[in-house]
Amino acid sequence: QQQVRQSPQSLTVWEGETAILNCSYEDSTFNYFPWYQQFPGEGPALLISIRSVSDKKEDGRFTIFFNKREKKLSLHITDSQPGDSATYFCAASAETGGYKVVFGSGTRLLVSP
Amino acid sequence: DTTVKQNPRYKLARVGKPVNLICSQTMNHDTMYWYQKKPNQAPKLLLFYYDKILNREADTFEKFQSSRPNNSFCSLYIGSAGLEYSAMYLCASSTLGGAETLYFGSGTRLTVL
């Protein structure tokens, strides 16, 4: 049973456009949602995160929108750059879940110049 | 220095033979994780160490072992490799709690023939 789902599996946008990556989850105890960015040959690295008490988190060109009622969140990348081309993983964890972080299967983003 | 190192980068193993993967971190993190990543699938948590306490996921309990001789090092051991073990193995570390940032190594790509 997949607890964290991501869509689309892959996404291509032109440079300067806004890329929207979607994520949904099932476990209502999840209260922390990090997004990890992974470049080829490297391990995933934390990009931005949000806690369930907030509905929006911004960091430069990256914004998370969070809808607790629908158990959905999305990552918006504005003014996309070719250097943003990477795989993005949505993840979730719960304070009561011990130390487990559950990942989605990722969205592969390609930004064409 | 936020570094998690994994050795080797690539590993070739024969069916039925043992495999030992190594991970080290220099951040004095108390928790270390092992994830298995297959193409187009989510990173799957195999086990984690909180300090000296090993926690293995129920569905992979029989397949993987681990040791943590000191705070900095953690190994992943497969007693008898099968074809289904071919995957990328990612090590990560964090401070206490799943609501903290995971720091990943670059991974070890295991191919079982």
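Residues numbered from 1 in each chain as written. Chains lettered and ligands numbered in written order. Predicted model: local features only at pLDDT ≥ 70, side-chain atom pairs only at ≥ 80, totals over all residues. Heavy atoms only, no water.

J.: Sorry if this is basic, but what is going on with the packing of aromatic side chains here?
T.: Centre distance and the angle of the planes are the two values used to describe a pair of aromatic rings. Taken as a whole, this structure holds 14 aromatic pairs over all chains when the rule is applied. Between the aromatic rings of Tyr25 of chain A and Phe30 of chain A, the centroid separation amounts to 6.2 Å while the plane-to-plane angle is 55 degrees, which identifies the pairing as tilted. Relative accessible area serves as the criterion here: at 7%, Tyr25 of chain A is assigned to the buried category. Taken together, the ring pairs in this structure connect Tyr36, Phe89 and Phe103 of chain A together with Tyr33, Tyr35, Phe48 and Phe104 of chain B into an aromatic cluster. If you follow Arg56 of chain B out to its NZ or CZ, it ends over the ring of Phe61 of chain B, 3.9 Å from the centre. (Phe/Tyr/Trp six-rings, centres within 6.5 Å; stacked < 30°, edge-to-face > 60°. Buried < 20%, exposed > 50% of the residue type's maximum accessible area, 1.4 Å probe, protein only. Lys NZ or Arg CZ within 6 Å of the ring centre and 35° of its normal.)

J.: Teacher, can you tell me more about the side chain of Gln36 of chain B here?
T.: Residue and element names in this part refer to chain B. Along the chain, Gln36 falls in strand β4 (residues 31-37). One polar contact links Gln36 to Tyr89, side chain to side chain, over a distance of 2.9 Å. Setting aside residues up to four positions removed in sequence, Gln36 forms contacts with Ala42, Pro43, Lys44, Leu46, Phe64, Glu84, Tyr85, Ala87, Met88 and Tyr89. (Helix = DSSP H or I, 4+ residues; strand = E, 2+ residues; numbered from the N terminus. Polar contact = N/O pair within 3.5 Å; in protein donor to acceptor, adjacent residues only side chain to side chain. Contact = heavy atoms within 4.5 Å.)

J.: It is not clear to me how the state of the cysteines should be interpreted in this structure. Could you clarify?
T.: Disulfides are covalent bonds that link the sulfur atoms of two cysteine residues. Summed over all chains, the structure comprises two disulfides over all chains. The partner cysteine of Cys23 of chain A in its disulfide is Cys90 of chain A, sulfur to sulfur 2.0 Å. Handedness here is read from the sign of the S-S torsion; for Cys23 of chain A and Cys90 of chain A, about -70 degrees, the answer is left-handed. You can see Cys23 of chain A sitting in strand β3 (residues 19-25) and its partner Cys90 of chain A sitting in strand β9 (residues 86-92), a full 67 residues away along the chain. No difference in accessibility class separates Cys23 of chain A from Cys90 of chain A, as the two residues are buried. The residue that forms a disulfide with Cys23 of chain B is Cys91 of chain B, at a sulfur-sulfur distance of 1.9 Å. Here the S-S torsion is close to -75 degrees, and the disulfide linking Cys23 of chain B with Cys91 of chain B is therefore left-handed. Residue Cys23 of chain B is found in strand β3 (residues 19-25), and its partner Cys91 of chain B is found in strand β9 (residues 87-94); the two are separated by 68 residues along the sequence. Overall, the relative accessible area of 0% leaves Cys23 of chain B in the buried class. You can see Cys74 of chain B has no disulfide; the closest cysteine sulfur is in Cys91 of chain B, sitting 6.0 Å from it. (Disulfide = S-S within 2.5 Å.)

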